[in-house]
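Secondary and tertiary structure notes
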Amino acid sequence: MEQNKKVNPLDVAMKQVDIAAAHLKLDKGICEKIKYTQRELTVHFPVKMDDGSLKIFTGYRVQHNMTRGPAKGGIRYHPDVDLDEVKALAMWMTWKTAVVNIPYGGAKGGVQCNPKSMSPQELENMTRRFTWEIAMMIGPDRDIPAPDVYTNPQVMAWIMDTFSILKGYSVPGVVTGKPLELGGSLGRHEATGKGVFITAQEAAACRQLSLPGARVVIQGCGNVGGVAAQYFARAGAKVVAISDSKGGAYNPNGLNVSDVLDCKKKYACILAPEYREAEEITNAELLELDCEILIPAALESQITSKNASRIKARIIAEGANGPTTPEADAILYDRGIFVVPDILANAGGVTVSYFEWVQNLQELLWSEDEISERLNRILKRSFTEVLNISQKEKVDMRTAALVLGIGRVAEATRLRGIYP
Ligand code: NAD
């Protein structure tokens, strides 16, 4: 089935719940309750464009589950954003916050748009109007957005400003991933990529793989992929390939990560004329390169039943959300490839977002060392908990992480009971 049609991330997310629910022997009613999204808002809204015209955009905010605390999840700007994708991403946020055991539920948002073709003014107009449209759903006690694909601290600043204007006072805790000057947290920018590195390092230790000299391949060089690449390079690993939406740069002797990222910044392209020590490859070729560690850090459904049997990495640490389908998971597990699943590998971002929110609510400022120490502790503890379940239950790391996360949400649901 998966071979011939585009994979729907929501089908993937639903299938994952079924797999974990079977392991947990979950009550059917509780399973149904936690499978479905609690609230979904679709908005169509006008934006003034630079040429004076009005353009209608479609956006979404989905709150999947708030049993364990306020909803939390990023906002994505991408042409392919649709309701099913946002629902799947919201569901993964619920399991992720439960895996690292921080007191949040899961949400996600997005606007269907092509931010690369929009001016800064148009992006600001769109962000402010979208914020107004979803303002009844968000807030520090209800639902706290953050950056995701093609959104950044500036977008968070516009959301915070618009929400604060609506309230009549400053509400920094309404979003995380803000600029430092507006109550952002030290260490938030690096948190997701750093978390991918920390969890990959733990996986490497499990497989007796030494990081210095290990070949690392990274799909995506944005906030997650770019930062992870820097951490691997600093640890002495050899980043042999990295890509953006247009394709990848490959050098079997190792890329100079700083040069590639500088080139991307300067030319919006990773293979500019002045950086030609690398060969150009497609994103599909990149995934199948000979390497020890593969980091998908772009979009969903990259590793499927079509290419899973050709993946050569020994370890996959998922920076992106939903990059691997359940069919591919089964193939990778049979082939002995160690997968650190998204809801663990990329949980560093939401963990430091949680620190940012706590600092905002308490009007405190933590040092970078405090943030780093707390992040390390939470991710290493969570990795060990997931690994223990995987070894005890003889299941892959994704199933183990889902068993841990879904188990916690199910137990919270049971304790709260069903109203009325
Ligand atoms: P970003 O916008 O900073 O970067 C996205 C990167 O993906 C860019 O390098 C872009 O060129 C590349 N890309 C886009 N389309 C691609 C394609 N079709 N093939 C290959 N590369 C492509 O976004 P980000 O924040 O780095 O997010 C990347 C992934 O990580 C997403 O799945 C996101 O949901 C996930 N994630 C992000 C965070 C966070 O804190 N930003 C946290 C957890 C998970």
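Quick notes on the rules
Residues numbered from 1 in each chain as written. Predicted model: local features only at pLDDT ≥ 70, side-chain atom pairs only at ≥ 80, totals over all residues. Heavy atoms only, no water. Near = heavy atom within 4 Å. Polar contact = N/O pair within 3.5 Å; in protein donor to acceptor, adjacent residues only side chain to side chain. Areas by Shrake-Rupley, 256 points an atom, 1.4 Å probe, with all protein chains shown as cover. Helix = DSSP H or I, 4+ residues; strand = E, 2+ residues; numbered from the N terminus. Pairing = 2+ DSSP bridges. Axes fitted to C-alpha atoms, helices over the stretch in contact; angles between N-to-C directions. Contact = heavy atoms within 4.5 Å. 1 Å grid on protein atoms, 1.4 Å probe; cavity = no way out; pocket = protein on both sides within 12 Å on 5 of 7 lines; lining within 4 Å. Points joined across faces, edges and corners; volume = space filled by probe spheres on them. Nonpolar A, V, L, I, M, F, W, Y, C, P; charged D, E, K, R; others polar. Buried < 20%, exposed > 50% of the residue type's maximum accessible area, 1.4 Å probe, protein only. Phe/Tyr/Trp six-rings, centres within 6.5 Å; stacked < 30°, edge-to-face > 60°. Lys NZ or Arg CZ within 6 Å of the ring centre and 35° of its normal.

1. Some remarks on the site of the ligand
- Inspection of the region around the ligand gives 22 residues, with Asp148, Tyr150, Thr192, Asn223 and Asn321 positioned closest.
- Interatomic distance of 2.8 Å between a backbone N/O atom of Asn223 and an oxygen atom of the ligand.
- The backbone of Gly319 places a nitrogen or oxygen atom 3.3 Å from an oxygen atom of the ligand.
- Coverage of the ligand by the protein amounts to 89% of the 820 Å² it exposes when considered alone.
- Elements that contribute at least two residues to the shell around the ligand include exactly helix 6 (188-206) and helix 7 (223-234).

2. Thoughts on the sheet that holds strand 2 (residues 54-65)
- One open sheet accounts for five strands, arranged 1-2-4-3-5; its pairing is mixed. The open sheet has two free edges, formed respectively by strand 1 (39-48) and strand 5 (143-147), since each of these has just one partner strand. Taking the axes of each pair of neighbouring strands and ignoring which way they run, one obtains an average angle of 25 degrees across the sheet.
- Taken together, the four bridges between strand 3 (residues 71-78) and strand 4 (residues 106-112) define a ladder with parallel strand orientation. The partner of Arg76 across the bridge, within strand 4, is Gly110.
- Along the sheet, helix 3 (residues 83-99) makes contact with strand 1, strand 2, strand 3 and strand 4, crossing strand 4 at roughly 155 degrees.

3. A short note on the layout of surface pockets
- Roughly 360 Å³ of internal volume is contained in the second largest pocket.
- Residue lining of the second largest pocket: 19 residues in total, with Lys6, Val7, Pro9, Glu300 and Ser301 positioned closest to the centre.
- Of all the secondary-structure elements, those providing two or more residues to the lining of the second largest pocket are strand 3 and helix 3.
- Here the lining of the second largest pocket is built from residues that sort into four nonpolar, five polar and 10 charged.

4. Section: the sheet that holds strand 10 (residues 293-296)
- A sheet is described by the order of its strands in space; here seven strands give the open sequence 9-8-7-6-10-11-12, paired in mixed fashion. Bordering the open sheet on either side are strand 9 (279-281) and strand 12 (338-340), each of which pairs with just one other strand. Sheet twist, expressed as the mean angle between neighbouring strand axes with direction ignored, is 20 degrees.
- One ladder, built from four bridges, connects strand 6 (residues 215-219) with strand 7 (residues 238-244); its direction is parallel. Within the sheet, the bridge partner assigned to Val217 lies in strand 7 and is Ala241.

5. Section: the environment of Val217
- Take Val217: it is sitting in strand 6.
- Looking at Val217, the relative accessible area reads 0%, which means it is buried.
- With 72 residues separating them along the chain, Val217 and Leu289 place their C-alpha atoms 7.6 Å apart.
- Not counting chain neighbours up to four residues away, the residues in contact with Val217 comprise Val240, Ala241, Leu286, Leu289, Cys291, Ile293, Leu294 and Ile295.

6. Some remarks on the side chain of Thr67
- Mapped onto the elements of the fold, Thr67 is located in the loop between strand 2 and strand 3.
- Among the polar contacts listed, one links the side chain of Thr67 to the side chain of Asn65, at a separation of 2.7 Å.

7. Considerations on the packing of aromatic side chains
- Inspection of every chain in the model, using the stated rule, returns 10 aromatic pairs.
- Taking the centre distance of 5.1 Å and the plane angle of 80 degrees together, the rings of Phe197 and Phe232 count as edge-to-face. Linking Phe197 in helix 6 with Phe232 in helix 7, this pair joins segments that are 35 residues apart in sequence. Both residues of the pair, Phe197 and Phe232, belong to the buried class.
- An aromatic cluster is built from Tyr104, Tyr354, Phe355, Trp357 and Trp366, whose rings are joined through pairwise contacts.
- The ring of Tyr231 is capped by Arg234, whose NZ or CZ atom sits 4.9 Å from the centre of that ring.
- The residue whose ring lies beneath Arg374 is Trp366, and the NZ or CZ to ring-centre distance is 4.0 Å.

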